[in-house]
Amino acid sequence: MGIKDQFQDKAQDLADKAKSRAGDKDKARERGSQARDDMRERGTQARDEASERSSQARDTAREQRDRFEQDYDI
């Protein structure tokens, strides 16, 4: 094997490593994107649940106020 072949083999090895690392970056980017999407979804769910609890609390307070007013004919 000549020097030219050795350099070509080394160049091919480096090219293969570069392609592999580029693929790893794409996978990492995809995982990051998925994690962001999951966090957004959780945030949306949390806001919806908080809004629902707030709405229920307002309804309960309104019902209690109505009962109080009805009991005392305010």
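Residues numbered from 1 in each chain as written. Predicted model: local features only at pLDDT ≥ 70, side-chain atom pairs only at ≥ 80, totals over all residues. Heavy atoms only, no water.

### Thoughts on the overall build of the protein
In terms of regular secondary structure, the protein is built from one helix and zero strands. For the protein, whose C-alpha radius of gyration is 32 Å, the value lies well above the compact-globule estimate of 11 Å for 74 residues. Seen along its three principal axes, the alpha-carbon backbone of the protein occupies a region of about 105 × 10 × 5 Å. Taken as a whole, the protein presents about 6,900 Å² of accessible surface, with 48% of it coming from carbon and sulfur. One way to put it: in the protein the 18 positive side-chain charges average out to a point 11 Å from where the 19 negative ones average out. (Helix = DSSP H or I, 4+ residues; strand = E, 2+ residues; numbered from the N terminus. Rg over C-alpha atoms; globule rule 2.2 N^0.38 Å. Areas by Shrake-Rupley, 256 points an atom, 1.4 Å probe, with all protein chains shown as cover. Lys, Arg positive; Asp, Glu negative; His and termini not counted. Charge placed at Lys NZ, Arg CZ, Asp CG, Glu CD.)

### So, the packing of aromatic side chains
In this description, an aromatic ring pair is defined by two values, namely the gap between the centres and the angle between the planes. If you walk through the whole model with that rule in mind, you get one aromatic pair. Aromatic pair Phe68 and Tyr72: ring centres 4.8 Å apart, planes at 45°, arrangement tilted. Relative accessible area serves as the criterion here: at 58%, Tyr72 is assigned to the exposed category. (Phe/Tyr/Trp six-rings, centres within 6.5 Å; stacked < 30°, edge-to-face > 60°. Buried < 20%, exposed > 50% of the residue type's maximum accessible area, 1.4 Å probe, protein only.)

### A look at the pattern of salt bridges
Taken as a whole and judged by the stated rule, the model has four salt bridges. For Arg67, the salt bridge is made with Glu63, and the minimal N-O distance between the two is 3.8 Å. Here the residue Arg67 and the residue Glu63 both occupy positions in helix H1 (residues 3-71), the gap between them amounting to four residues, near one helical turn. (Salt bridge = Lys/Arg side-chain N within 4 Å of Asp/Glu carboxyl O.)

### Focus on H1
The periodicity of an α-helix, 3.6 residues per turn, causes residues three or four places apart in sequence to face the same way. If you check H1, its first and last C-alpha atoms are 101 Å apart, about what 69 residues at 1.5 Å a residue would give, namely 102 Å. Asp73, located one to two residues past H1, shows a positive phi value of around 45°. (Expected span 1.5 Å × (residues − 1).)

### Here we look at a negative patch on the surface
A cluster of like negative charges, contributed by Asp5, Asp9, Asp13 and Asp16, occupies part of the molecular surface. Structurally, the position occupied by Asp9 is in helix H1. (Patch = residues over 30% accessible without salt bridge, like charges linked within 9 Å, V, L, I, M, F, W, Y side chains within 5 Å.)

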